[in-house]
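Each chain, written out:
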Amino acid sequence: MLLPAPIQDLINAFSQLPGIGPKSASRLTFYLLTAPDELSQDLAAALISLKTETTYCQTCFNITVTGQVQCEICSNSDRDQDVICVVEEPLDVLALERTDGFHGRYHVLQGALSPIEGIGPDDLKIRELLARVDSENIGEIILATNPSLEGDATAMYLRQQLTPSGVRITRLARGLPVGGDLEYADQHTLLRALAGRQEMGD
Ligand SMILES: [Zn+2]
């Protein structure tokens with residue numbers, strides 16, 4: 001069956017989203033076709049704001065609102081200023097915030113080292129992290145990259161880069177599901193991993 005272009009276009013667009021195959025894409029499209037107009041309008045408006053009204057915090061590279069140089073966490077003077085927790089993605093910040101066990105600030109790398117995918121140190125916010133350690137009075141860096149091959153490799157690389165600065169370097173304790181994402185770990189596991197963090201020595 002040949003579909004009208006507006007329908008096929010939306011199916012194609014949905015199909016490009018992670019976890020959505022051609023069948024789900026068709027189902028979503030036909031659902032919207034018959035749902036009240038407001039749903040499509042709200043969705044379209046939300047999609048546009050998503051890209052126009054968000055930006056990256058210039059300190060930690062977490063997501064923040066357009067026009068703000070710093071995110072809420074970085075600009076909050078009640079947070080410990082001398083501990084930085086290094087994570088891969090903004091969703092990891094959310095996961096750690098949910099544990100209520102960390103009160104320092106973050107640094108979002110925006111990914112992990114992956115030779116297979118061609119992601120090297122220059123593709124991540126590593127230079128920016130080293131600059132923060134140089135310019136801010138940082139006492140401890142907690143490496144909270146994912147417990148995966150890429151996350152571990154990234155933590156090892158960061159340790160090498162950070163060691164000359166003399167800052168204390170710790171890594172989240174084992175016990176997180178190996179190969180998994182931090183964002184999917186349950187609160188208690190994450191809290192335990194945070195509390196049991198270990199020095200990352202040679
Ligand atoms: Zn920030």
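Only a predicted model underlies this, so the values are computations on that prediction, with no experimental measurement involved.

1. Observations regarding the pairing of strand S6 (residues 168-171)
Within a regular strand, the side chains alternate between the two sheet faces.
Part 1 of the argument: Residues Ile169 and Arg171 point to one face of S6 and are all buried, whereas Arg168 and Thr170, pointing to the other face, are not buried.
Part 2 of the argument: Here strand S5 (residues 140-143) runs beside S6; their pairing, made up of four bridges, is parallel. The partner of Ile142 across the bridge, within S6, is Thr170.
Part 3 of the argument: The parallel pair S5 and S6, bridged by helix H6 (residues 149-162), forms a crossover whose chirality is right-handed.

2. Things to note about the nonpolar core
Part 1 of the argument: Cys85, Val86, Val87, Ile141, Leu143 and Ala144 are the most contacted members of the largest nonpolar core, which totals 34 residues.
Part 2 of the argument: For this core, the secondary-structure elements that each account for two or more residues are strand S3 (83-87), helix H4 (90-99), strand S4 (105-108), helix H5 (126-135), S5, H6 and helix H7 (187-195).
Part 3 of the argument: With four residues, the top contributor of residues to this core is S3.
Part 4 of the argument: Sequence-distant contacts of Ile141, defined by excluding residues within four places in its chain, comprise Ile84, Val86, Val133, Leu162, Val167 and Ile169.

3. Things to note about the domain arrangement of the chain
Part 1 of the argument: Each domain of the chain was delimited in the assignment, giving domain 1 (5-52) and domain 2 (79-199).
Part 2 of the argument: Each of domain 1 and domain 2 has a C-alpha centre, and these two points are 35 Å apart.

4. Some words on the sheet that holds S4
Part 1 of the argument: The five strands are arranged S4-S3-S5-S6-S7 in an open sheet whose pairing can be described as mixed. Each edge of the open sheet carries a strand with a single partner, namely S4 and strand S7 (198-199).
Part 2 of the argument: Here S6 runs beside S7; their pairing, made up of two bridges, is antiparallel. From the neighbouring strand, Thr170 faces S7, where its bridge partner is Glu199.

5. Examining unusual backbone geometry
Part 1 of the argument: Unlike most non-glycine residues, Phe61 shows phi in positive territory, near 70 degrees.
Part 2 of the argument: Position of Phe61 relative to the elements: it lies in the loop between strand S1 (54-56) and strand S2 (63-65).
Part 3 of the argument: Take Phe61: there are 20 C-beta atoms within 10 Å of it, and that puts it in the buried class.
Part 4 of the argument: In this structure, Asp100 is a non-glycine residue whose phi angle is positive, near 60 degrees.
Part 5 of the argument: Relative to the helices and strands, Asp100 is located in the loop between H4 and S4.

The rules behind the values
Residues numbered from 1 in each chain as written. Predicted model: local features only at pLDDT ≥ 70, side-chain atom pairs only at ≥ 80, totals over all residues. Buried ≥ 20, exposed ≤ 12 C-beta atoms within 10 Å, placed from the backbone. Helix = DSSP H or I, 4+ residues; strand = E, 2+ residues; numbered from the N terminus. Pairing = 2+ DSSP bridges. Right-handed = clockwise from strand over helix to strand, strands pointing away. Core = buried A, V, L, I, M, F, W, Y, C linked by C-beta atoms within 7 Å. Contact = placed C-beta atoms within 7 Å. Domains from an automatic or database assignment.

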